[in-house]
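Breakdown of the fold
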Amino acid sequence: MTHPRNARAEDQALVALFAGLDTPGVSDALDKLGLHGQALGIMPLAVDTRPVVGPAFTVKYVPASNPPGTVGDFIDEVAEGDVIVIDNDGRTDCTVWGDILTQYAGLRGIAATVIDGVCRDVSKALGDGYPLFTAGRFMRTGKDRVQVESVNTTVGIGTVRVASRDIVVADANGVVIVPRARAREVAATAHKIEDAESRIREQITQGKSLGEARAALGYHKLQTKD
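Residues numbered from 1 in each chain as written. Predicted model: local features only at pLDDT ≥ 70, side-chain atom pairs only at ≥ 80, totals over all residues. Heavy atoms only, no water.

With an unreviewed UniProt entry as reference, the protein is termed Putative 4-hydroxy-4-methyl-2-oxoglutarate aldolase, source organism Paracidovorax wautersii.

This is the structure in structure tokens:
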């Protein structure tokens, strides 16, 4: 197997900003900043999925031509630590991800795959612990039904616009997309919100009422756009 592409230092630095955060915290930060990034209807294959963060490698699928084009060769271009983000237009009648891609992605150190569509061979992904986030599962192949139209262009995932190298945060709650140009701002805001919520939890364990703790830490304005 060829060696996977190395993660870029800039990508690693942006990913590191989200250490210790989860999708609820990042979602709250997006709301605070007036950004839409919550991927509607895209859920984890495994319910105990821990947070995954990585830059988006975007893939756009379209209905197959005649003769049909390729379905999965793009993966050789994905860097270690990337999150593959596949726009299959929300189709649930044919898959764009199966066991071979799961195995190959795991071997190459790819962080996760997010699909606006369905996957199959779920036992392989669950057994390997490979993080998959999809609109569902279905066994019918996408071969000769869909094909790759483009990679690293802007796509749509669960009503969210995703540009190449945007930051993807995904966990047991679902998937959020952070615009790359706003990543530092979003991460800082999310950490601030999480710190306030942590102090609220600390105060209620010390005997304060929830109302008192929330009032003291400004809870009702944490997610409100300024």
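Our focus in this paragraph is the nonpolar core. With 24 residues, the main nonpolar core has Phe 74, Ile 75, Ile 84, Ile 86 and Trp 97 as its most contacted residues. Beyond its immediate sequence surroundings of up to four residues, Phe 74 is in contact with Phe 57, Val 59, Tyr 61, Ile 84, Ile 86, Val 148 and Val 151. (Core = buried A, V, L, I, M, F, W, Y, C linked by side-chain atoms within 4.5 Å. Buried < 20%, exposed > 50% of the residue type's maximum accessible area, 1.4 Å probe, protein only. Contact = heavy atoms within 4.5 Å.)

Turning our attention to helix α2 (residues 23-32). Counting buried residues in α2 gives 8 out of 10 residues, a clear majority hidden from the surface. Of the residues making up α2, those classed as buried are Thr 23, Gly 25, Val 26, Ser 27, Asp 28, Ala 29, Leu 30 and Lys 32. Its side-chain oxygen at 3.1 Å from the backbone nitrogen of Gly 25, Asp 22 defines the N-terminal cap of α2. Positive backbone phi, approximately 70 degrees, marks Gly 34, located one or two places after α2. (Helix = DSSP H or I, 4+ residues; strand = E, 2+ residues; numbered from the N terminus. Polar contact = N/O pair within 3.5 Å; in protein donor to acceptor, adjacent residues only side chain to side chain.)

Moving on to the side chain of Thr 95. Here Thr 95 lies in strand β3 (residues 83-95). Within polar-contact distance, the side chain of Thr 95 engages the backbone oxygen of Trp 97 at 3.0 Å. In contact with Thr 95, other than residues within four places in its own chain, are Val 118, Cys 119, Arg 120, Phe 138, Arg 140, Thr 141 and Gly 142.

Below, the discussion takes up the UniProt feature "binding site: Mg(2+)" (unreviewed entry) in the protein. Per the UniProt record, the feature "binding site: Mg(2+)" (unreviewed entry) sits at Asp 121. Along the chain, Asp 121 falls in the loop between β4 (112-119) and α4 (122-128). Taking the relative accessible area as the measure of exposure, Asp 121 reaches 31% and is therefore partly exposed. (UniProt positions renumbered as here; feature names shortened; annotations may be inferred.)

As annotated in UniProt, the feature "binding site: substrate" (unreviewed entry) corresponds to Gly 98, Asp 99, Ile 100, Leu 101 and Arg 120 in the numbering used here. Taken together, the annotated residues stretch across 23 residues yet fold into one region, lying no more than 10.5 Å apart by C-alpha. Assignment of secondary structure puts Gly 98 in the loop between β3 and α3 (99-107). Residue classification places Gly 98 among the buried positions, given a relative accessible area of 13%. Gly 98 has contacts with Arg 120 and Asp 121, leaving out every residue within four places of it along the chain. One can find Arg 120 in the loop between β4 and α4.

A side chain with one charge may pair with a side chain of the opposite charge, provided their charged atoms come close. Following the criterion strictly, the structure yields 11 salt bridges and no others. With a shortest N-O distance of 3.2 Å, Asp 87 and Lys 60 are connected by a salt bridge. Residue Asp 87 is located in strand β3, and its partner Lys 60 is located in strand β2 (residues 52-63); the two are separated by 27 residues in the primary sequence. Among the residues examined, Asp 87 registers a relative accessible area of 7% and is labelled buried. Among the salt bridges present, the one from Arg 182 reaches Glu 185, with a minimum N-O distance of 2.6 Å. (Salt bridge = Lys/Arg side-chain N within 4 Å of Asp/Glu carboxyl O.)

Let us now look at the packing of aromatic side chains. Applying the stated criterion across every chain, the model contains 2 aromatic pairs. With 6.3 Å between their ring centres and 20 degrees between their planes, Phe 57 and Phe 74 make a pair best called stacked. Placement of Phe 57 in strand β2 and of Phe 74 in the loop between β2 and β3 is noted, with a sequence separation of 17 residues between them. Judged by its relative accessible area of 3%, Phe 57 is buried. A ring pair is formed by Trp 97 and Tyr 130, whose centres lie 6.1 Å apart and whose planes are at 10 degrees; its orientation type is stacked. Of this pair, Trp 97 sits in the loop between β3 and α3 while Tyr 130 sits in the loop between α4 and β5 (132-134), and the two are 33 residues apart along the sequence. Each member of the pair, Trp 97 together with Tyr 130, is buried. (Phe/Tyr/Trp six-rings, centres within 6.5 Å; stacked < 30°, edge-to-face > 60°.)

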